[in-house]
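Descriptive structure summary
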Amino acid sequence: MLTAEDKKLVQQVWEKVSGHQEDVGAETLERMFAAYPQTKTYFPHFDLHHGSDQIRGHGKKVVAALGNAVKNLDNLSQALSELSNLHAYNLRVDPVNFKAGGGQGIAKPRFSSQLLSQCLQVVLAVHLGKDYTPEIHSAVDKFMSAVAAVLAEKYR
Amino acid sequence: MVHWSAEEKQLISSVWGKVNVEECGAEALARLLIVYPWTQRFFDNFGNLSSPTAIIGNPKVRAHGKKVLTSFGDAIKNLDNLKATYSKLSELHCDKLHVDPENFRLLGDILIIVLAAHFGKDFTPSCQATWQKLVGVVAHALAHKYH
């Protein structure tokens with residue numbers, strides 16, 4: 001799925017993120033909770049106010065996990081294996097929310113991994129402006145799809 | 001019928017007022033064709049779509065992108081009457097163009113990313129939330145007459 005060029009572009013973008021991991025993570029989650037309120041149902045125990053420590057902490061975790069995936073683009077399945085188990089067996093984020101590459105239509109629910117991907121990409125676009133080129137956009141979208149696919153592997 | 005708060009209407013019109021419809025439309029359509037290459041299936045007669053550079057520079061892509069986003073502007077002028085506004089367009093996309101409505105959602109998400117890249121921090125989380133709602137509702141209206 002990811003070509004050699006895609007992998008290079010993803011790594012390039014990720015270099016720009018390192019050093020801002022907490023900010024990128026927090027903003028991604030904040031945007032996701034604002035635009036897709038249903039995602040808040042997985043965080044009833046969180047203080048979801050702007051700037052909350054919990055959002056910053058969790059955002060940092062999410063971005064770190066994605067960063068690990070970026071370092072292991074040739075072996076995403078293995079790199080994300082633990083996280084895949086966690087999401088399937090412990091967190092049980094609704095799998096209808098986990099299909100790679102997007103939702104199934106207008107009336108049906110959006111897939112939460114697609115929602116996270118969209119919000120992360122908005123954050124990258126906000127910060128990179130026109131440097132978030134179509135080629136980079138495409139590579140990141142493919143990467144997030146691949147991550148979603150791995151996370152969904154263990155569901156059933 | 002979809003309800004729009006005063007704040008949402010304000011967020012929509014303040015962003016829209018600053019949008020260069022031709023540029024944004026062209027960019028959004030080009031990115032759709034680049035990021036989701038299967039969407040090229042609807043544009044066989046557009047000529048060279050062989051690379052991102054070709055797509056971005058393709059005059060038919062630019063023109064059509066402008067057309068699409070101009071139509072989006074009609075939606076914004078008719079927020080309280082979207083289904084009726086898009087009734088004929090919906091029939092067209094189903095009966096003549098045979099476009100899977102999933103593509104409307106993809107284009108909506110891409111448009112949001114284009115706006116984010118253009119407006120930077122001004123495209124706040126509230127802004128994004130309102131616009132995600134808008135593109136969702138537009139996509140829904142466009143799919144409404146499908147059978």
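Described in the following lines is the structure provided in the data block. Fair warning: this is a prediction, and the values are worked out from it, not measured in the lab.

Once that is clear, we can look at the packing of aromatic side chains. Residues and elements named next belong to chain A. This structure, assessed with the given rule, holds 9 aromatic pairs over all chains. An angle of 70° between the planes, with centres 5.2 Å apart, marks the rings of F33 and F43 as edge-to-face. Linking F33 in helix 2 (residues 21-35) with F43 in the loop between helix 2 and helix 3 (53-71), this pair joins segments that are 10 residues apart in sequence. F33 sits in the buried class, given a relative accessible area of 7%. Ring geometry for F43 versus F46: centroids 5.0 Å apart, planes at 50°, classification tilted. Of the two residues examined, F43 and F46, each falls in the buried class.

A few words on the packing of helix 1 (residues 4-17) of chain A against helix 3 of chain A. Residues and elements named next belong to chain A. It is the contact of helix 1 with helix 3, at a shortest axis distance of 10 Å, that shows an interaxial angle of 145°. In this structure, the crossing between helix 1 and helix 3 has a hand that is left-handed. Residues V10, Q11, W14 and V17 of helix 1 form the contact with helix 3, whose own contacting residues are V63, L66, G67 and V70.

Quick look at the environment of S112 of chain A now. On the secondary structure map, S112 of chain A appears in helix 6 (residues 112-128). Here the alpha-carbon distance between S112 of chain A and T39 of chain A, two residues 73 residues apart in the chain, equals 7.1 Å.

On to empty space enclosed by the protein. Residue and element names in this part refer to chain A. Using the criterion set out here, one finds 2 cavities of 30 Å³ or more in the structure. Looking at the second largest cavity, its volume works out to about 30 Å³. Lining the second largest cavity we find G25, T28, L29, V62, V63, L66 and L120. Taken together, the residues that form the lining of the second largest cavity break down as 5 nonpolar, 2 polar and no charged.

Turning to the interface of chain A and chain B, a few remarks are in order. Contacts between the two partners involve 28 residues from chain A and, on the opposite side, 26 residues from chain B. Between chain A and chain B, a total of about 2300 Å² is buried, with carbon and sulfur atoms accounting for 59% of that surface. The interface formed by chain A and chain B includes 0 salt bridges. Counting every contact that joins chain A to chain B gives 10 residue pairs in polar contact (both at pLDDT 80 or more). Tallying contributions element by element places helix 6 of chain A first for the side of chain A that touches chain B, with 8 residues. Residues that form the side of chain A that touches chain B fall into these classes: 10 nonpolar, 13 polar and 5 charged.

What counts, and where the lines are drawn
Along each chain, the written sequence defines residue order, and numbers are assigned to residues from 1. Each chain gets a letter, beginning with A, and each ligand a number, beginning with 1, in the order they are written. Only residues with pLDDT of at least 70 are given local features in this predicted model, and only at 80 or more are side-chain atom pairs given and counted; all residues enter the totals for whole chains, interfaces and linings. Excluding hydrogens and water, the side-chain figures rest on all heavy atoms present in the structure. Side-chain rings of Phe, Tyr and Trp (the six-membered ring for Trp) are treated as a pair once their centres are within 6.5 Å; stacked means planes under 30 degrees apart, edge-to-face means over 60, and tilted covers the remaining angles. In this text, helices come from DSSP runs of H or I with a minimum length of four residues, and strands from runs of E with a minimum of two, each type numbered from the N-terminal end. Burial classification: accessible surface area is computed with a 1.4 Å probe over protein chains only, and a residue below 20% of its type maximum counts as buried, one above 50% as exposed, and the rest as partly exposed. Here, axes are lines fitted to C-alpha atoms. For helices the fit covers the stretch in contact, and angles between N-to-C directions go from 0 to 180 degrees. Crossing chirality is assigned from the near helix's rotation relative to the far helix, an anticlockwise turn below a right angle marking it left-handed and a clockwise turn marking it right-handed. The contact criterion used is simple: two residues touch if any of their non-hydrogen atoms lie within 4.5 Å. Think of a 1 Å grid over the protein atoms and nothing else: a 1.4 Å probe that fits but is trapped marks a cavity, an open set flanked by protein within 12 Å on at least five of seven lines marks a pocket, and residues with an atom within 4 Å of a point count as lining. Grid points are joined across faces, edges and corners, and a volume is the space filled by probe spheres set on the points. Note on residue classes: Ala, Val, Leu, Ile, Met, Phe, Trp, Tyr, Cys and Pro are nonpolar, Asp, Glu, Lys and Arg are charged, and everything else, Gly too, is polar. Once two parts are joined, some of their accessible surface, as seen by a 1.4 Å probe, is lost; buried area is that loss totalled over both. Whenever a carboxyl oxygen of Asp or Glu lies within 4 Å of a side-chain nitrogen of Lys or Arg, that contact is scored as a salt bridge. In protein, a polar contact requires one atom able to donate a hydrogen and another able to accept it; more generally it is a pair of N or O atoms within 3.5 Å, and residues adjacent in sequence count only if both atoms are side-chain atoms.

So yeah, pure geometry; function would need other evidence.
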